[in-house]
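# Structure assessment
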Amino acid sequence: MKKKHIRVLLAAGVILLTGVVACVHLATRTSTEEGQIQIMYEEKTVSVSLTELELHPVQGSISNAKGETFEIDAMGFPLEELLASAGVTSYETVSVIADDEYYAELTFAELHGEREVYLLEEEEGARLIVFGDANSKRNVSHVARIEIS
Amino acid sequence: MKNYRLRTVIFLALCCDLGLFAKRLISPLTNIVTDALHVPGGIATSFSLMFLVIAVILVPGGFCGTLMGAVQSVIALSFGMVGSMGALAPVGYIVPGLVIDLVLKGTAKTPLSRADRMALANGLAAISAAATANLIVFRLSGIVLALYACIALSSGILCGLLGAKIAQRLTPVIGVQIRQDFKIKPIKDGVSV
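In short, a report on the structure. (Residues numbered from 1 in each chain as written. Chains lettered and ligands numbered in written order. Predicted model: local features only at pLDDT ≥ 70, side-chain atom pairs only at ≥ 80, totals over all residues. Heavy atoms only, no water.)

## Quick word on the nonpolar core
- Counting 91 residues, the largest nonpolar core has I39, L79, L83, L119, L128 and I146 of chain A as the members making the most contacts within it.
- A per-element tally of this core places helix α2 (residues 43-58) of chain B first, with 13 residues.
- Among all residues touching I146 of chain A, those that are not within four sequence positions of it are I37, Q38, I39, M40, L79, L82, L83, V94, S95, V96 and L119 of chain A.
- One finds V58, I72, I129 and F131 of chain A within the second-largest nonpolar core, a separate group that totals seven residues. (Core = buried A, V, L, I, M, F, W, Y, C linked by side-chain atoms within 4.5 Å. Buried < 20%, exposed > 50% of the residue type's maximum accessible area, 1.4 Å probe, protein only. Helix = DSSP H or I, 4+ residues; strand = E, 2+ residues; numbered from the N terminus. Contact = heavy atoms within 4.5 Å.)

In C-alpha cells:
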C-alpha cells in the first residue's frame, strides 16, 4: 500500500473515531429544552422554566481575567432563590453547567452571604453572575443544568 | 540567534501574527461546529497552530515553536486577548509550541514524510493546547473531554496536511533562502528540520 494511502486511511480513521465519540456524546448527554434549567439532586431532576420565575433588577460590577471592569444592569434572580423554589435547601456544593459542559462550582457558604450569585436572563438563555470574584471565570453562559451535591 | 537573518525573523513574526489573528477570524465559523457538538472549542486552535508548524518546518534549528509561542503570548497579553486563561495564557501558547518543536525534531530522522510529520506535530500540538485549556479553564471529564481531544486531534491532523501543502508552495519562495541563510543545502523534498 502506498504511503499516501496509509496517511489518508489514518486521517479518515481519526475523523471516524471523532464521529463515533460525537455520536456517543450527543446520545448520552443530558439535553435541556430551550428556556429551561434542570436542577439535579438526590437522583431527582426538576425542570424549571425561566419565564415562570420572578425577575429582579440586578446591578453591580464584575472584573474579567484582563482586569477590565464591567457594570451589570440587567434582570435576573438569585440562584439561592431558584434552588429554594425547587426544594433544595441543604447541600455542600452546586455545579452550574453550561450547554457546552463548561461549569462553575459554588459552595453553600458562597450562596449564603459570601458572594452575591444571580442567574441573569439573556436572549440565548441564563447566565451565571458571581459578584465579588477576582475574575469572571465562573460567569457561565447558556446555563443548562444545575447539579447539587 | 546570530544565524537568524532579518528575513527569517520577519517570516517568524508573520507566522506568529497569522497564527494569533487567524484564530480570531475563523472562530465564528468553527463555533458553528463546536456549538452543535456541545464542546467548548478545539478547531480554531488547530488552525492557528498550523502557522507555527509551517514556520518550524521551514526555519531550521533552534526552538522556533517555543519561541513563537512565547512571542504570541506576549502579543496576546498586550492586546488583552487572553480569553478565560487570564495570567496563565502564556502556558496555553508556549506548551503547543514546545510540542511542535519536540515532535518535528523527534521525527526528523524517521522515514515519515514532511507532510506526515507536520500532520503529527499539528495534531499533537492541538491536543496539548486542548489539555492545557482543560486544565486551566474547562475542567471537562469523561466523554466530553474525549470528544474535545478527538476534535483537536482530527482538526490538527487536517490542518497539518493543509500546512504541508502551504509549506510546499512556500519552499521555493522563502524556504530555500532561509536555508541558505543557515548555510544548509536545500534537500530534495524541500526543507526539513
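## Thoughts on unusual backbone geometry
Residue and element names in this part refer to chain A.
- Phi is positive for E101, close to 75°, though the residue is something other than glycine.
- Position of E101 among the secondary structure elements: in the loop between β5 (93-98) and β6 (103-107).
- Notably, H142 is not glycine yet its phi reads approximately 50°, a positive angle.
- If you trace the backbone, H142 turns up in the loop between β8 (125-131) and β9 (143-148).
- Given the relative accessible area of 38%, H142 is considered partly exposed.

## Things to note about the interface of chain A and chain B
- Facing 22 residues of chain A, the contacting portion of chain B comprises 30 residues.
- The contact between chain A and chain B buries some 2,300 Å² in all, and 68% of this surface belongs to carbon and sulfur atoms.
- Our count for the contact surface shared by chain A and chain B stands at one salt bridge.
- D116 of chain B is paired through a salt bridge with R7 of chain A; the nearest N and O atoms lie 2.5 Å apart.
- One can count nine residue pairs in polar contact (both at pLDDT 80 or more) joining chain A with chain B.
- The element that contributes the greatest number of residues to the side of chain A that touches chain B is helix α1 (residues 3-28) of chain A, accounting for 13 residues.
- Grouping the constituent residues of the side of chain A that touches chain B by class yields 11 nonpolar, three polar and eight charged. (Buried area = accessible area lost by both parts, 1.4 Å probe. Salt bridge = Lys/Arg side-chain N within 4 Å of Asp/Glu carboxyl O. Polar contact = N/O pair within 3.5 Å; in protein donor to acceptor, adjacent residues only side chain to side chain. Nonpolar A, V, L, I, M, F, W, Y, C, P; charged D, E, K, R; others polar.)

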